[in-house]
Amino acid sequence: MSCEGTEIEYTEVPDNNRNMNKTKLIAIVFCLVIIAGACKPKDEDSGSKMKELADQFFLLEDTVWINDAVFISPISTLEMIRAVKYQGFYFCIFREVQIYEHWVSKNRLLVFPEDGKEVKEVDLPYELKYDYYRDLFVRHDTLFLKPYYCEHGYFFNMEQWKWQPLELIPDVIYEDNQYNVAYVDMGEWGAYTWFMEKPSETKAQVNQYIMAQYLSRIIKKDNVYYFIHGHKVDTLISLKGKAKLCENDHTYEAVVRDGYKYLYSLGSWKSEDSLTTTPVPTLFQFEGVDEDNWWDEKVYDTLFHNAFLTDNQLYYVVNTKGNTYIAQLVGDKLNNVIDFGHRYDFFKWYGNGHNLAPNQCFLQFKENDNSYGVMEIQDKLIHILHFILKQDTLPYTGTDNIEPLLNYLFNQFDHLTYAQVDKMEKSLQATCYGRFKELANDYFPAEYQTGKYKRINYYTVIDDKQMFTVSYCVNESNSMVKGAFFDWDKNPKSDISYNDYYELGIEKQKTEEVRRILTRLTGKDPVRKVGESTYLLWEYRNLTIKLYKEGRMVMYLTGE
């Protein structure tokens, strides 16, 4: 595939959908058992487990333990949001949200082999470190990463182990000898599918056909296209009468060139019924599901998540409210072939089948806050790999150590360096969890809200209910500390509600304790300031201190 210039070129890939016979399957399974035995994960209860299922399917299960030392800890939220397998490695994007930094989340890419050893972190392009809408997929033996709704992206250079930019990566999800199929899902604006004829020596003009069609997987069997998506399976034998020959401004290239402006027009194409002349025939649909109520969680209880071909038979991966199973359609009945006995919470179901061979599936699932996994299916071999994140636990200090900390800061503030603060905080069992260029704290005066100052945060786990944070304002040029912001709040990992936390009166007790300490240190009572936010004020030499009833306090040097 060429991605230079404005023209979109496609490299034809031969159809390798050859049925695997039983002898070949048994040989592959035997080899996989040997490999799995040689690559057993290093922790307890993580050995490979192989068993034979119904209808000559085989199930292989493994567990990989991932030490979260590669993450900044502690982490209040850590979730795997995308995973693919490429050249024997699993490329997994995790989104981490730091405690007390819920508005700052970051994407991290970990790469590891099946045994989980030698976990590597690969730096993501800057635009994808914080972006929620991104796609990670393999096409034509190349790993691609791109922001969704964008034509540009990146490919992974295995020799250099880094991402390299590409100007154009088409949204092709499937191809055969006749068509490249491109797909763009715009959420509430609709989803659109293009069948683009492949050029040939006899075709002077290559046509494109467009239809308003949601897809999570497309598979061709016996010259029939099967559209698997959400709550139903549709079929397409011929584009004639089902899709519209593209006009100039409806072609895929035009939409990419014009920044998807037509797709943002609130689904005007679809509402005008100009893309599909007659409905695509539905082969099977779950009853009692209102697809238009996508905001209702019940809509996602029962779904077709994927499909695959083996022995020229079409199988479906299905989720119900409490179970996951592999099924076949026989007439108008969905027959359960393999019952897993519990539900796998698959995610990103709408993109898990893109660019895969017809005999393959790749599904991602979540088990709990520190356990994720993938289900890979090739022919009749099902491989389930669990990723267990070994999250660390922090010791409870029993106290925020506020009195020794204030004693130290009060006596040093007019000549305090960041190195001194760091040493002091660590001696009090606090942990640094972030250095940010932006101060981003309105409790400090305007003169500190410039690029000249940065903030450095420390946290202390007091107990199972409370955490304590100090955010220091540091002059980036000379590392001098100019201020500090203190915050007492509920431990985000606590099971108690905020209402219960407030009823404990912790913040009120802390306000009284700090008031007593500061009165002693300054030798005078505070002035009560009433306004938009009521606070107690101390002014001592060139130091200003404000104590708020919400369990927050700020101190900073004046005369900058």
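This text gives an overview of the structure that appears in the document.

Parameters and conventions
- Residues numbered from 1 in each chain as written.
- Predicted model: local features only at pLDDT ≥ 70, side-chain atom pairs only at ≥ 80, totals over all residues.
- Heavy atoms only, no water.
- Helix = DSSP H or I, 4+ residues; strand = E, 2+ residues; numbered from the N terminus.
- Buried < 20%, exposed > 50% of the residue type's maximum accessible area, 1.4 Å probe, protein only.
- Contact = heavy atoms within 4.5 Å.
- Areas by Shrake-Rupley, 256 points an atom, 1.4 Å probe, with all protein chains shown as cover.
- Arc of directions from axis to C-beta.
- Polar contact = N/O pair within 3.5 Å; in protein donor to acceptor, adjacent residues only side chain to side chain.
- Pairing = 2+ DSSP bridges.
- Axes fitted to C-alpha atoms, helices over the stretch in contact; angles between N-to-C directions.
- Phe/Tyr/Trp six-rings, centres within 6.5 Å; stacked < 30°, edge-to-face > 60°.
- Parallel < 35°, antiparallel > 145°, perpendicular 65-115°, else oblique.
- Left-handed = near helix turned anticlockwise from the far one by under 90°.
- Nonpolar A, V, L, I, M, F, W, Y, C, P; charged D, E, K, R; others polar.

### A word on the overall build of the protein
So, point 1. Helix and strand content of the protein: 7 helices and 35 strands.
So, point 2. When each of the 560 residues of the protein is scored for burial, the buried share is 51%.
So, point 3. Excluding contacts between residues fewer than 6 apart, the proportion of contacts in the protein whose partners are at least 24 apart in sequence is 51%.
So, point 4. Per element, the accessible surface of the protein, about 27,200 Å² overall, is 48% carbon and sulfur.

### Let's talk about helix H4 (residues 402–412)
So, point 1. When H4 is considered as a whole, its buried residues turn out to be Ile402, Leu405, Leu406, Leu409 and Phe410. For H4, the angular spread of the buried residues around the axis is 125 degrees, confining them to a single face.

### Points about the side chain of Arg95
So, point 1. Within the fold, Arg95 resides in strand S4 (residues 89–98).
So, point 2. There is a polar contact of 3.3 Å between the side chain of Arg95 and the side chain of Asn107.

### Remarks on unusual backbone geometry
Of all residues except glycine, most have a negative phi; of all peptide bonds, most are trans.
So, point 1. Despite not being glycine, Asp311 has its phi angle at roughly 55 degrees, a positive value.
So, point 2. Looking at the element boundaries, Asp311 is found in the loop between strand S20 (303–310) and strand S21 (313–319).
So, point 3. Given the relative accessible area of 35%, Asp311 is considered partly exposed.
So, point 4. In this structure, Asn355 takes a positive phi of about 65 degrees despite not being glycine.
So, point 5. If you trace the backbone, Asn355 turns up in the loop between strand S24 (345–347) and strand S25 (360–368).

### Here we look at the sheet that holds strand S23 (residues 333–339)
So, point 1. With antiparallel pairing, 4 strands are arranged side by side in an open sheet as S20-S21-S22-S23. Of all the strands in the sheet, the pair left with one neighbour each is S20 and S23. Across the sheet, the axes of successive neighbouring strands diverge by a mean angle of 35 degrees, strand direction being ignored.
So, point 2. Relative to strand S22 (residues 324–330), S21 runs antiparallel, the two being bridged by 4 bridges. Paired with Val318 across the strands is Tyr325, a residue of S22.

### Quick look at the pairing of strand S12 (residues 179–185)
So, point 1. A large share of S12 lies buried, amounting to 7 of its 7 residues.
So, point 2. Relative to S12, strand S11 (residues 172–175) runs antiparallel, the two sharing 3 bridges. When the bridges of S12 are listed, Glu175 appears paired with Asn180.
So, point 3. Count of turn residues in the S11/S12 antiparallel hairpin: 3 residues.
So, point 4. Pairing geometry for S12 and strand S13 (residues 191–197), over 7 bridges, is antiparallel. Bridge pairing in S13 links Val184 to Tyr192.

### So, the environment of Ser533
So, point 1. Along the chain, the position of Ser533 falls in the loop between strand S32 (527–529) and strand S33 (535–540).
So, point 2. Accessibility expressed as a relative area gives 38% for Ser533, which makes it partly exposed.
So, point 3. In sequence terms Ser533 and Tyr548 are 15 residues apart; their C-alpha atoms lie 7.7 Å from each other.

### Notes on the packing of aromatic side chains
Each aromatic ring pair is described using two quantities: the centre-to-centre distance and the angle formed by the ring planes.
So, point 1. Considering all chains together, one arrives at 40 aromatic pairs under this definition.
So, point 2. Here the aromatic rings of Phe284 and Phe304 are separated by 6.0 Å at their centres, their planes lie at 90 degrees, and the arrangement is edge-to-face. One end of the pair, Phe284, is in strand S19 (residues 282–285); the other, Phe304, is in strand S20, and 20 residues separate them in sequence. For the pair Phe284 and Phe304, a shared accessibility class is recorded, and that class is buried.
So, point 3. The rings of Tyr86, Phe89, Phe91, Phe156, Trp161 and Trp163 are connected pair by pair, giving a single aromatic cluster.

### Here we look at the environment of Lys51
So, point 1. Counting through the fold element by element, Lys51 comes out in strand S1 (residues 49–52).
So, point 2. With relative accessibility at 48%, the residue Lys51 sits in the partly exposed group.
So, point 3. Separated by 10 residues in sequence, Lys51 and Glu61 place their C-alpha atoms 8.9 Å apart.
So, point 4. Look past the residues within four positions of Lys51 in its chain and what remains in contact with it is Phe57, Phe58 and Leu59.

### Things to note about the environment of Tyr226
So, point 1. With respect to the element layout, Tyr226 can be found in strand S16 (residues 224–229).
So, point 2. Taking relative accessible area as the criterion, Tyr226 reaches 15% and is therefore assigned buried.
So, point 3. Excluding residues that lie within four positions of it along the chain, Tyr226 makes contacts with Arg217, Ile218, Ile219, Lys221, Val233, Asp234, Thr235, Leu283, Leu314 and Tyr316.

### Thoughts on the packing of H4 against helix H5 (residues 418–427)
So, point 1. Between H4 and H5, whose axes approach to 11 Å, the crossing angle comes to 165 degrees. Taken together, the axes of H4 and H5 are roughly antiparallel relative to one another. In this structure, the crossing between H4 and H5 has a hand that is right-handed. Counted together, Pro404, Leu405, Tyr408 and Gln412 of H4 and Gln420, Met424 and Glu425 of H5 form the full contact between these two elements.
So, point 2. Across the contact of H4 with H5, the residue classes tally to 4 nonpolar, 2 polar and 1 charged.

### Concerning H5
So, point 1. Looking at H5, one finds that the buried residues are Tyr418, Val421, Asp422, Met424 and Glu425. Projected down its long axis, H5 carries its buried residues within an arc of 170 degrees, all on one side. Pointing more than 90 degrees away from the buried face of H5 are the exposed residues Ala419, Lys423, Lys426 and Ser427.
So, point 2. A positive backbone phi angle near 70 degrees is found at Gln429, which sits one or two residues after H5.

Taken by themselves, the reported measurements are silent on function.
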